[in-house]
Amino acid sequence: MSSAQQSDDQSAQARQVPLFGFWEIDVTDMTLTLSDETHAIFGRALAPHRLEDLLQFVHPDERTRVYDAFTGALGEGTPLNVECRIIRPSGEARDVCMRGEPIRADEGSTRYVGTIQDITEQMQRRRQAEQNARLLQMASHIAHMGGWTYEVQTGRVIWSDEVCRIHEMPDGTEPTVEEAFNFFVPESRARIRRRFDTCLRDGTPYDEELEIITAGGRKVCVRAIGEPVRDANNTIVQLQGAFLDISEIRDVEQQAARMAERLSATLESITDAFYTLDREWRFTYLNREAERLFQRPRAELLGKVVWDVFSGFKGQREFERAVRENSTVVFENYYAPYHMLFEVRGYPSEDGITVYFRDITEARQTEESLRASEERFRTIARTTTDVVWDWDMQADSLWTSDTIETLFGYTTQEFSGPIRAWSEHIHPDERDRVVNHIKAAIAGGDSEWIDEYRFLRKDGTVAYVLDRGFIIRDATGRATRMIGAMVDLTERRQAERRIEYLAYYDSLTQLPNRQLLMDRLRKAIATSAQHHSTNALFFIDLDNFKSLNDTLGHAVGDQLLKQVAHRLTGCVSHNDTVSRFGGDEYVVLLEHLSDDMVEASAATQAIGERMLKALRQPYKLDEYRHLSTASIGVVLFNGDKDDIGELLKRADMAMYQAKSAGRNTLRFFNPHMQAALSARIALESDLRQAMRDCAREFDLHYQPQVSRDGRVTGVEALLRWRHPTRGMVSPVEFIPLAEETGLVLSLGEWVLKKACQQLLAWAASPETAGLEIAVNVSARQFHHPGFAAQVLAVLGPAGVNPHQIKLELTETSLLENLEDTVAKMSLLKTHGVTFALDDFGTGYSSLAYLKQLPLDMLKIDRSFVLDLLTNPNDAVIARTIIALGRSLGLRVLAEGVETVAQRDFLFEHGCEAYQGFLCAQPMPAAAVAAIVHHA
Ligand SMILES: Nc1nc2c(ncn2[C@@H]2O[C@@H]3COP(=O)(O)O[C@H]4[C@@H](O)[C@H](n5cnc6c(=O)[nH]c(N)nc65)O[C@@H]4COP(=O)(O)O[C@H]3[C@H]2O)c(=O)[nH]1
């Protein structure tokens, strides 16, 4: 120790010399006496006389304790030893120690004599030491560090509390050296023993990391430090050291190592390239991806300055800014040598800067082409008339083309956003179905969804749409987007419905048409066969409808047809079918009548009567009050072997029966009709057979036509069928059949040819050379498109004079298509052919029509001639026809003249010619010459 140091210590000791004072208490009267030194201690001159006076200077918190100590000691006569704080007048607190002993005087009085010592500095040191000890203890506890000593001479081992705690042993444990060693795991034990012995022997300190097993069985990592303590003779008298629990540190270190490992693995494996630069911009780390993108091995780059290596790199300013402002920078950099676009992100740190970068060349190109294709898509969407839509399912965001506005009245804004905007506008009746359908398509892995549904327009009207969407999925198959188009089918649907309606309904009366009736009839036959129920089929034909049509026009006729439809519908239940079969014909189908035939017939009869009654009520057609009736034929059927065509024929047949029974009546089909039907079928077959070779069974007879002067001016050719078994078949029987079957076309041609041959034959003889031949032409024949050509084709090669051919047409054939009729007649007339109107008066020709036709002759029907002289009506009609003919400049010929009186009447009234039995019956050609000769 130096002399300067010594003198410092002495002066400090002098300063620290405690101040002593003395006191004395007389116990008998408790008077107190203090020595002068006490004034220095208390910092004032004291003159107390009693113990209480002294206590006033004691710290109030301790006053009671001090008083109790005094009174206790004084009362029992025991020594006093009390420490307390006193307060000086300056307010300074001082620690004092008061000690005292009782002194007994001879006379029995007791006194207490004691000292008072200022121990403030001593107490401060003590407190400091205690504080330090506490801190040390705390620190060693926190640091898990304890101390130990080993005394060489005694072999005693002393463990601090923390060392005891590390070993999980009670505080104060003093193990033997062996016991202390035994806590170490075997590998560590040999080592510590060796180091301990070496330290003991030659003083080599040690510091080892080892493992112990605590008393509680835990393995703990420890750091054992030891060093020698030598005496004045340099002899090692003691070993001392520290003992630390470093398990936590080891754990933390291991964790840190693991984390570092993981971090480096992560950095190596992340798809982003990554590197770090130090403050001098030198590479300190690069991951594998960075190596790949830089196309350089990392060994080549580490330690190099980035700008030196990549001279064209433009990020210098950005990096510098990042470090300067300590802020992250993100920028794109096109590095020309590699033809690459990089996205670079720099994060400054204390060590420099950490940089992530990735090649976005392709992504940017993809983005660019995506943007271009999006643009294309939107443009195309704008050019179509459908609503194109695009639903981003991840963002639940819908986009629609502008057509949403033109087609449905919504703005595109109203339809952008969640898909709900769309589903809310589906017709409520279909919403769930459609939404579930689209969900199922998405969930089911479909690539497409297609549906037809009703969609509500903005104005609340309903549109029919066809909606079709393609489902776009990601690599995992998850649906991410749907793109589609919505087509407004409303017009198409309406047109389809209209077409369907037109196909199955009559546009005038709105009744089912023939087609629909056939369908229903087919079904009715099938179901009645199953259920054995009876059905009824009514065939209704309006009486004299044609006359109405002809006289008042089609528009009025149409009104009647509509009203009839309405009345018929009112006569049956809504399950029954009232159909318009064509023209003025209606067919009604009643289903599910009783299975008892009699009952079913009665019910059918009642309904039929009801129809007749309804139909004969007056009609109001424009301003006219019109009376009309109908003839109804009905057939019952129950499905047994029924055939649609057959049923209709039967009903039709019954209707004709009703007609011939005087009209305005109802007739059931009966077996006689069936017989007639069969006969007709047989006749048809025979007719076809005969037609194979017309000349064999057919022939023409001729009935002369006589003029006023008695001359035979012409003949009417009348067809005859000489059937091998039936004998002579009347044209009245087979001509209608030939019409119906179309056979009349070739039969008519044959007749014309035959007549031409006859003309040629007659041309040879002067009596017959000038004869005209009137040839009957049926309606079907005349209206055939090739009729005129056919006539000319026959006349031309035949070499006859067309003026000698007169075609006889009936009223019905002429009126069917007036324009066509006039054209055909005019054409033929230019070739010389003449025309006669047959059976005039039986039809309903209007004068207006008649005027337009290029006719040459009117023939008064023989029905008017028959009762001409007895029935004034017929006479009036005959006279009217004659007058009419003359006014139109036509010749008038009367048919069926059988008597002279009839002939005379007719001639008298201006008729120019006649034919009939009065002159001759139709006869073979050979007989004609004789008649002509004698006429
Ligand atoms: N009661 C009576 N009858 C008389 C008298 N004079 C003539 N008749 C009959 O009256 C019919 C006159 O012919 P239509 O009115 O043209 O009526 C014809 C005509 O419409 C049709 N027809 C005859 N031949 C042909 C033909 O070649 N082609 C076509 N399309 N129809 C024909 O057959 C109908 C019937 O012919 P037909 O049976 O030959 O009957 C003939 C004739 O025999 C008489 O004084 N009293």
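The model shown is predicted, which means the values in this text are computed figures rather than measured ones. (Residues numbered from 1 in each chain as written. Predicted model: local features only at pLDDT ≥ 70, side-chain atom pairs only at ≥ 80, totals over all residues. Heavy atoms only, no water.)

A word on the site of the ligand
Lining the immediate surroundings of the ligand are 22 residues, of which Gln 703, Glu 716, Arg 720, Arg 862 and Glu 898 lie closest. The separation between a nitrogen atom of the ligand and a polar main-chain atom of Leu 719 is 3.0 Å. The protein chains hide 84% of the 780 Å² of surface that the ligand would expose on its own. In terms of residue count, strand 29 (residues 712-723) provides more of the shell around the ligand than any other element does, four residues in total. Its residues assigned to classes, the shell around the ligand comprises nine nonpolar, six polar and seven charged. (Near = heavy atom within 4 Å. Polar contact = N/O pair within 3.5 Å; in protein donor to acceptor, adjacent residues only side chain to side chain. Areas by Shrake-Rupley, 256 points an atom, 1.4 Å probe, with all protein chains shown as cover. Helix = DSSP H or I, 4+ residues; strand = E, 2+ residues; numbered from the N terminus. Nonpolar A, V, L, I, M, F, W, Y, C, P; charged D, E, K, R; others polar.)

Looking at the nonpolar core
Within the largest apolar cluster, 77 residues are counted, with the highest numbers of intra-cluster contacts made by Phe 698, Leu 807, Leu 855 and Leu 906. Tallying contributions element by element places helix 27 (residues 744-763) first for this core, with nine residues. Apart from residues lying up to four places away in sequence, Leu 906 is in contact with Ile 860, Val 865, Leu 868, Ala 878, Ile 882, Ala 894, Val 897 and Cys 911. Core analysis: the second largest hydrophobic core is formed by 34 residues, Ile 540, Tyr 586, Leu 636 and Leu 666 among them. (Core = buried A, V, L, I, M, F, W, Y, C linked by side-chain atoms within 4.5 Å. Buried < 20%, exposed > 50% of the residue type's maximum accessible area, 1.4 Å probe, protein only. Contact = heavy atoms within 4.5 Å.)

What about the sheet that holds strand 6 (residues 145-151)?
Spatially, five strands are ordered 7-6-10-9-8 in an open sheet, and the strand pairing comes out antiparallel. Strand pairing shows two members of the sheet lacking a second neighbour, strand 7 (156-159) and strand 8 (206-213), which therefore form its edges. Sheet twist, expressed as the average angle between the axes of neighbouring strands with direction ignored, equals 25°. Pairing of strand 8 with strand 9 (residues 219-230) involves eight bridges; the strand directions are antiparallel. Looking at the pairing, Tyr 206 lines up with Gly 226 of strand 9. Across the sheet, helix 8 (residues 186-202) is in contact with strand 6, strand 8, strand 9 and strand 10 (236-245); its angle to strand 8 comes to roughly 145°. (Pairing = 2+ DSSP bridges. Axes fitted to C-alpha atoms, helices over the stretch in contact; angles between N-to-C directions.)

Concerning the pairing of strand 23 (residues 585-593)
Across the nine residues that make up strand 23, a large majority, seven, are buried. As paired strands, strand 21 (residues 534-542) and strand 23 are joined by seven bridges and run antiparallel to one another. Paired with Leu 537 across the two strands is Leu 589, which belongs to strand 23. Sheet analysis places strand 22 (residues 577-582) next to strand 23, joined by five bridges and oriented antiparallel. Within strand 23, the position partnered with Thr 577 by the bridge is Leu 589. The antiparallel pairing of strand 22 with strand 23 creates a hairpin that spans two residues between the two strands, and Gly 583 there sits at a positive phi of about 50°.

Quick notes on the pattern of salt bridges
Taken as a whole and judged by the stated rule, the model has 64 salt bridges. Two residues, Arg 364 and Glu 367, come together in a salt bridge whose shortest N-O distance is 3.3 Å. One end of the pair is Arg 364 and the other is Glu 367, both in helix 14 (residues 361-383) and three residues apart, which spans about a single turn. When its relative accessible area of 30% is taken as the criterion, Arg 364 is described as partly exposed. On the basis of relative accessible area, Glu 367 is assigned to the partly exposed category, the value being 44%. Between Asp 820 and Lys 824 there is a salt bridge, with its nearest N and O atoms 3.4 Å apart. Here Asp 820 pairs with Lys 824, and both are found in helix 32 (residues 818-830), just four residues apart, close to one helical turn. Asp 820 sits in the partly exposed class, given a relative accessible area of 27%. (Salt bridge = Lys/Arg side-chain N within 4 Å of Asp/Glu carboxyl O.)

Quick look at helix 26 (residues 731-741)
By the burial criterion, the buried members of helix 26 are Pro 731, Phe 734, Leu 737 and Ala 738. Angular distribution of buried residues about the axis of helix 26 spans 145°; they occupy a single face of the element. With a side-chain oxygen lying 3.0 Å from the backbone nitrogen of Val 732, the N-terminal cap of helix 26 falls on Ser 730. Gly 742, located one to two residues past helix 26, shows a positive phi value of around 85°. (Arc of directions from axis to C-beta.)

Thoughts on the packing of helix 19 (residues 514-531) against helix 23 (residues 644-660)
For the pair helix 19 and helix 23, the least separation of the axes is 10 Å and the interaxial angle reads 105°. With respect to helix 23, the axis of helix 19 lies roughly perpendicular. In this structure, helix 19 contributes Leu 517, Met 518, Leu 521, Arg 522 and Ile 525 to the contact, and helix 23 contributes Ile 644, Leu 647 and Leu 648. Of the residues assigned to the contact of helix 19 with helix 23, the class counts are seven nonpolar, no polar and one charged. (Parallel < 35°, antiparallel > 145°, perpendicular 65-115°, else oblique.)

Topic: the environment of Ile 246
Note on placement: Ile 246 falls in the loop between strand 10 and helix 9 (247-269). In this structure, the C-alpha to C-alpha distance between Ile 246 and Cys 221, residues 25 residues apart in sequence, is 5.4 Å. With sequence-adjacent residues up to four places away left out, Ile 246 is seen in contact with Glu 209, Cys 221, Val 222 and Arg 223.

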